[in-house]
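Analysis of the macromolecular model
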Amino acid sequence: FVWLSARLLDRRRFAHLFGDGSADAVVEALRPYRNPDGGFGNALEPDLRGPVSQPAPTALAFEILAEVGRLDDPMVEGALAYLETITNPDGGVPFVLPSARDYPRAPPFQVVDDDPPSSLLMTGLLAAPLVGGGIEHPWLDAASRFCWDAIGALDYTSAYAARFAVGFLDHTPERERAQSALAEIGPRLIESELVTLDPDAPGEIHTPLDFPPDPGLSSRSMWSDEIIDRHLDAFAAGQQADGGWTFNWQAWAPMVEQEWRGVVTVWALTILRAYGR
């Protein structure tokens, strides 16, 4: 499935993670998605089809560079400089910038505000791989302060916001503070029904495997072994007849669906391997 259907970038990620492919090859496949302003666009995040830099593809670039151990690449410094130009005074980054209006995009990326507010979802998504990788930068200091404040005010109405809040807590070096926050968040996720404990539930659900994608992360302690094993069984069984995995959010265009399937297939394999499957 990967060789037949995935993007070059995801084929190289697969080759590096599960074969003898080099990290350098992954970095070189990522580089064309970068813009002169230091941010990333060009449909690196398949739901944003425009060439312009946006927070979401920049976050995905950080995640990929962390995945292959290349957060020391100069692209990171350039992306941080870009983020400084789009960050709000509170230290947070908007979910989507108005420039997305000019290009095809998924329904969640509709622009409704010319001066968009800061997003815990997006700021946490951007910050997590950087704090986890030991990056030090003024932008990251301000973004971390925003995340801590927003996590303290979390209203448990958005599964995605909670998910990337947990991602930030899993990676921040402030471990004692993070453990305390996770102990509070775990029960609230179940009470609010943001996490679905039934792996066979239909629709765009979020499962325990979305919160600790790696058993070595602190958030793994939020779930019992029985719950995780049940979801791993269902996750492994989710492999399609063509060898790839699919996703449960809206597939709004054929090419977008195909590109996302390559991304999530590599994600699925890394999660299953991390849990010893």
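Above this text sits the structure in question.
A brief look at the structure comes next. Computed from a predicted structure; not experimentally measured.

1. Concerning the packing of aromatic side chains
Taken as a whole, this structure holds 7 aromatic pairs when the rule is applied. Note on F14 and F18: the rings are 5.5 Å apart at their centroids and 35° apart in plane angle, and the pair reads as tilted. Here F14 and its partner F18 are both found in helix α2 (residues 8-18), 4 residues apart, which amounts to about one turn of the helix. Measuring from ring centre to ring centre gives 5.7 Å for W148 and F168, while their planes differ by 80°; the resulting arrangement is edge-to-face. Here W148 is found in helix α7 (residues 138-152), whereas its partner F168 is found in helix α8 (residues 159-171), with 20 residues between them in sequence. Look at F168 and you get buried, because its relative accessible area is 0%. An aromatic cluster is built from F247, W249, W260 and W267, whose rings are joined through pairwise contacts. Just above the ring of W148 sits the side chain of R177; from NZ or CZ to the centre is 3.9 Å.

2. So, helix α11 (residues 254-274)
When the terminal C-alpha atoms of α11 are compared, their 30 Å separation across 21 residues agrees well with the 30 Å that a helix rising 1.5 Å per residue should span. Within the sequence span of α11, burial applies to V256, E259, W260, R261, G262, V263, V264, T265, V266, A268, I271 and L272. In this fold, the buried residues of α11 make contact with α1 (2-5), α2 and α10 (225-237). Positive backbone phi, approximately 80°, marks G276, located one or two places after α11.

3. Examining the environment of E45
Along the chain, E45 falls in the loop between α3 (23-30) and α4 (55-67). Taking relative accessible area as the criterion, E45 reaches 10% and is therefore assigned buried. For the pair E45 and L189, spaced 144 residues apart in the sequence, the C-alpha separation amounts to 27 Å. Among residues more than four places away in sequence, those in contact with E45 are A56, P57, L60, F109 and W260. Within the structure, E45 has its side chain in polar contact with the backbone nitrogen of D47 (distance 2.7 Å).

Cut-off values and rules
Residues numbered from 1 in each chain as written. Predicted model: local features only at pLDDT ≥ 70, side-chain atom pairs only at ≥ 80, totals over all residues. Heavy atoms only, no water. Phe/Tyr/Trp six-rings, centres within 6.5 Å; stacked < 30°, edge-to-face > 60°. Helix = DSSP H or I, 4+ residues; strand = E, 2+ residues; numbered from the N terminus. Buried < 20%, exposed > 50% of the residue type's maximum accessible area, 1.4 Å probe, protein only. Lys NZ or Arg CZ within 6 Å of the ring centre and 35° of its normal. Expected span 1.5 Å × (residues − 1). Contact = heavy atoms within 4.5 Å. Polar contact = N/O pair within 3.5 Å; in protein donor to acceptor, adjacent residues only side chain to side chain.

Shape descriptors only; they carry no functional weight alone.
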